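Listed below, chain by chain, are the residues.
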Amino acid sequence: MANQEIERRRTFAIIAHPDAGKTSLTEKLLLFGGQIQVAGAVKSNKIKKTATSDWMDIEKQRGISVTTSVMEFDYNGYKVNILDTPGHQDFAEDTYRTLTAVDSVIIVVDGAKGVETQTRKLMEVCRMRNTPVIIFVNKMDREAKDPFDLLDELEEELVINVRPLTWPIESGPRFKGVYNIYEKKLNLFQPSKQVVTEKVEVDIHTEDLGNRIGAPLAEKLRSDLELIEGVYPAFDVNGYLKGELAPVFFGSALNNFGVQELLDCFVEIAPSPRPVQAEERTVTPDEPKFTGFIFKITANIDPNHRSCVAFCKVCSGKFVRNAPYLHVRHNKTVRFSSPTQFMAQRKTTVDEAWAGDIIGLPDNGVFKIGDTLTEGEKLHFKGLPSFSPEMFKYIENADPMKTKQLNKGIDQLMDEGVAQLFINQFNGRKLIGTVGQLQFEVIQYRLENEYNAKCRWEPVSLYKACWIESDDPAELEAFKKRKFQYMAKDREGRDVFLADSGYVLQMAQNDFKHIKFHFTSEF
Ligand code: G4P
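K.L.:
What is the right way to read the pattern of salt bridges from this model?
P.N.:
Between side chains of opposite charge, a pair can form when the charged atoms approach closely. Enumeration according to the criterion identifies 37 salt bridges in this entry. With its nearest N and O atoms 3.9 Å apart, the salt bridge here joins Asp399 to Lys402. Given a relative accessible area of 19%, Asp399 falls into the buried group. Taken together, the shared-partner salt bridges in this structure form one network comprising Glu5, Arg8, Arg9, Glu72, Asp74, Lys79 and Asp357.

K.L.:
When you look at the site of the ligand in this model, what are you seeing that I'm missing?
P.N.:
Surrounding the ligand, one finds 16 residues, the nearest of these being Asp19, Lys22, Thr23, Ser24 and Ser252. In this structure, Asp19 approaches the ligand through a main-chain N or O atom, which is 2.7 Å from an oxygen atom. Between the ligand and Lys22 there is a distance of 2.7 Å, counted from an oxygen atom to a backbone nitrogen or oxygen. Relative to its unbound accessible surface of 710 Å², the ligand loses 69% to contact with the protein. Here the element with the most residues in the shell around the ligand is helix H2 (residues 22–32); it accounts for three residues. Considering only residue class, the shell around the ligand consists of four nonpolar, six polar and six charged.

K.L.:
Teacher, can you tell me more about helix H10 (residues 259–269) here?
P.N.:
Structurally, the α-helix is built with 3.6 residues per turn, so residues lying three or four positions apart point the same way. Most of H10 sits out of view: nine of its eleven residues are buried. Of the positions making up H10, those classed as buried are Val259, Glu261, Leu262, Leu263, Asp264, Cys265, Phe266, Val267 and Ile269.

K.L.:
Teacher, can you tell me more about the sheet that holds strand S27 (residues 455–459) here?
P.N.:
Pairing between the strands of a sheet comes from backbone hydrogen bonds, and it takes one of two forms, parallel or antiparallel. Here eight strands make up an open sheet; going across it, the order is S27-S24-S26-S25-S29-S30-S28-S31 and the pairing antiparallel. For this open sheet the edge positions go to S27 and strand S31 (515–518), each flanked by a neighbour on one side alone. Strand after strand, the sheet turns through a mean of 40° between neighbouring axes, direction not considered. Where strand S29 (residues 487–489) lies against strand S30 (residues 495–499), three bridges are found, and the strand directions are antiparallel. Bridging from a neighbouring strand, Ala488 pairs with Val496 of S30.

K.L.:
Can you walk me through the sheet that holds strand S1 (residues 9–16) in this structure?
P.N.:
Spatially, the seven strands line up as an open sheet ordered S2-S3-S1-S4-S5-S11-S6, and their pairing is mixed. Only two strands of the sheet have a single neighbouring strand rather than two, namely strand S2 (70–75) and strand S6 (161–164). Adjacent strand axes in the sheet meet at a mean angle of 25° when their direction is disregarded. Two elements, S1 and strand S4 (residues 104–110), share five bridges in a ladder whose sense is parallel. In the strand pairing of S4, Ala16 is matched with Val108.

K.L.:
Please explain the packing of helix H11 (residues 403–416) against helix H12 (residues 437–451) as it appears in this structure.
P.N.:
Helix-helix packing: each pair is described by the crossing angle between the helix axes and the interaxial distance. Across the interface, H11 lies against H12 with an axial gap of 10 Å and an inter-helix angle of 120°. As far as their axial angle goes, H12 and H11 are oblique. H11 and H12 meet at a crossing whose hand is right-handed. Every residue of H12 that contacts H11 at Gln405, Leu406, Lys408, Gly409, Ile410, Gln412, Leu413, Met414 and Glu416 is listed here: Ile443, Arg446, Leu447 and Tyr451. For the contact of H11 with H12, the per-class residue count stands at seven nonpolar, three polar and three charged.

K.L.:
What's the story with a negative patch on the surface in this structure? I'm lost.
P.N.:
Residues Asp146, Asp149, Asp152 and Glu156 make up a contiguous surface patch of negative charge. Mapped onto the fold, Asp146 is located in the loop between strand S5 (133–138) and helix H6 (147–158).

K.L.:
Got a minute to help me understand the packing of aromatic side chains in this structure?
P.N.:
This structure, assessed with the given rule, holds 21 aromatic pairs. Relative to Phe250, the ring of Trp167 has its centre 5.6 Å away and its plane inclined at 75°; by these criteria the two rings are edge-to-face. Of the two residues, Trp167 sits in strand S7 (residues 166–169) while Phe250 sits in strand S11 (residues 245–250), which places them 83 residues apart along the sequence. Given the relative accessible area of 0%, Trp167 is considered buried. Plain terms: the ring middles of Phe479 and Phe517 are 5.8 Å apart, the flat faces sit at 75° to each other, and that makes the pair edge-to-face. A residue pair is termed long-range when its members are at least 10 positions apart, and Phe479 in helix H13 (residues 473–482) and Phe517 in strand S31 qualify at 38 residues. By the burial criterion, Phe479 is buried, and Phe517 matches it. Clustering of aromatic rings is evident, with ring pairs tying together Phe290, Phe319, Tyr325, Phe336 and Phe367. We note Lys393 situated over the ring of Phe440; from NZ or CZ to the ring centre the distance is 4.7 Å. The lysine or arginine in question, Arg429, covers the ring of Tyr394, its NZ or CZ lying 4.1 Å from the ring centre.

K.L.:
I tried to follow the pairing of strand S22 (residues 358–363) on my own but got confused; where do I start?
P.N.:
The side chains of a regular strand alternate, first on one face of the sheet and then on the other. Counting buried positions along S22 gives five out of six residues, so the element sits mostly inside the fold. Alignment of strand S15 (residues 308–316) against S22, held across six bridges, turns out to be antiparallel. When the bridges of S22 are listed, Ala310 appears paired with Leu361.

K.L.:
What am I meant to see in the packing of H2 against H10 here?
P.N.:
Contact geometry for H2 and H10: axes closest at 10 Å, N-to-C directions at 70°. Taken as axis vectors, H2 and H10 run roughly perpendicular relative to one another. From H2, Leu25, Lys28, Leu29 and Phe32 reach across to H10, where they touch Val259, Gln260, Leu262 and Leu263. Looking at the contact of H2 with H10, its residues break down into six nonpolar, one polar and one charged.

K.L.:
What am I meant to see in the environment of Gln190 here?
P.N.:
Take Gln190: it is sitting in the loop between strand S9 (185–188) and strand S10 (199–200). A residue is classified by how much of its surface remains accessible, and Gln190, at 44% relative accessible area, is partly exposed. Separated by 14 residues in sequence, Gln190 and Lys176 place their C-alpha atoms 8.3 Å apart.

K.L.:
What am I meant to see in the environment of Glu157 here?
P.N.:
Tracing the backbone shows Glu157 in helix H6. Sequence-wise, Glu157 and Gly114 are 43 residues apart; in three dimensions their C-alpha atoms are separated by 9.5 Å.

K.L.:
What exactly am I supposed to notice about the nonpolar core here?
P.N.:
Burial of nonpolar side chains together is a common tendency in soluble globular proteins. Within the largest apolar cluster, 65 residues are counted, with the highest numbers of intra-cluster contacts made by Leu99, Ile107, Val133, Ile135, Leu154, Trp167 and Phe250. Grouped together as the second largest cluster of nonpolar side chains are 29 residues, Leu30, Ile82, Ile106 and Leu263 included.

Reading the values: the criteria
Residues numbered from 1 in each chain as written. Predicted model: local features only at pLDDT ≥ 70, side-chain atom pairs only at ≥ 80, totals over all residues. Heavy atoms only, no water. Salt bridge = Lys/Arg side-chain N within 4 Å of Asp/Glu carboxyl O. Buried < 20%, exposed > 50% of the residue type's maximum accessible area, 1.4 Å probe, protein only. Near = heavy atom within 4 Å. Polar contact = N/O pair within 3.5 Å; in protein donor to acceptor, adjacent residues only side chain to side chain. Areas by Shrake-Rupley, 256 points an atom, 1.4 Å probe, with all protein chains shown as cover. Helix = DSSP H or I, 4+ residues; strand = E, 2+ residues; numbered from the N terminus. Nonpolar A, V, L, I, M, F, W, Y, C, P; charged D, E, K, R; others polar. Pairing = 2+ DSSP bridges. Axes fitted to C-alpha atoms, helices over the stretch in contact; angles between N-to-C directions. Parallel < 35°, antiparallel > 145°, perpendicular 65-115°, else oblique. Left-handed = near helix turned anticlockwise from the far one by under 90°. Contact = heavy atoms within 4.5 Å. Patch = residues over 30% accessible without salt bridge, like charges linked within 9 Å, V, L, I, M, F, W, Y side chains within 5 Å. Lys, Arg positive; Asp, Glu negative; His and termini not counted. Charge placed at Lys NZ, Arg CZ, Asp CG, Glu CD. Phe/Tyr/Trp six-rings, centres within 6.5 Å; stacked < 30°, edge-to-face > 60°. Lys NZ or Arg CZ within 6 Å of the ring centre and 35° of its normal. Core = buried A, V, L, I, M, F, W, Y, C linked by side-chain atoms within 4.5 Å.

Following this line, the structure appears as structure tokens:
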């Protein structure tokens, strides 16, 4: 029973550059899962790109992300868990962490734009963890790049081997549909947001194909398919599972075209929950005892009381409501009377959850990103990586009467993973690092609203913060002495070098050959 429950779970995230079609694809998947009945029910969680983002936008982002953080549905006997990732790139850190809780990923690429920056960055995180990846090339109903060029671009930019499993017949106004290479079926395109297109079985070597799409296109499809078979080796599911090979699908999420093929293939080949590495040992999903870790904490939209939801990925065994679990970092027993699971926009209380599932635990400040829950074993799941922030500001107290509140606020917001805190060892000042401007606004707003504290920002021009280590203690000391004005500690007390320009960093790397400069905290 336990094994069957775990085997049928597919926990994944859809990642994309903003506007590529993540929301549209998510919606169509929910449609197939029976979670929603009509298209248009899922609202985009992205903050509209206005020149200045105001508080309402931030509030919306936070509010909506609580309810749609995880969506789950049953499909053909599989239990599918989709983890949502924030659309706005200022929340990229949140997305990186979400990727630590998934077993595979679907990447959506806009057929006209190809691989964009955000996709490239997110793929780096997938590569670090060998996460299996399926690619969906979207918006084929619009004029798209040549599909062969797109495949080359995907391979080059995402540094992964690709293998098309469907193939488009033209694009834009001439878009006729896709040929399903592994099912050997033709899928004719009818633009519709609601109706799922019927598949027709066509022998591509007969005249039937020409009758349906015209003789010239039939000829082109035949030669394209021949070329594909010649250039790309047969699809190897093991290569996919190792994160080395990405199957590619073409379609149009908005028109619900090519989505079912993607879903059918996904549930079949995507991995069930994979083993998770703890510091002490590898934890396998089918172990009888429950273990899990917190990968995301989201604040509630209600400004009157600070309540959060901590998202826990169940790594092994079965989670049971009200059962006593060990909060390893606090060494305390905790029970959860109202754990939640998420069905599209609805939240429901759950009595049990299996490895692979995500549960929402009400949190009023006891959790920190990376915390582990077990049935008693002192396990520590490997730290989720922090990435070198890209923007830095000193945080100053703007209301001296509220120092305590400010410090508590900063601490808890950092626990939630909103941003990273460094203490400059030279002047003792608190430096906040983020990946986007919006996070500074979120912090300031939340400090005021939830902690009654006021802060002021002082900009600093820094290029990168990197974690440093060395096997040569003398050289490390010499480095720290030379750069004493630029040394900081992160919250774990690790040494961080604050490089104020790319040139300075390069010089430091040249001068101190035995020092390793890391751009993520997991090394
Ligand atoms: P995102 O979550 O990745 O940011 O993308 P989202 O699904 O919100 O899609 C971004 C825009 O692209 C939307 O248009 C959406 O309708 C459109 N889109 C998505 N898939 C397709 C497709 O297959 N074909 C075409 N032609 N367009 C597609 P919008 O104008 O920003 O929003 P809306 O007014 O349509 O909601």
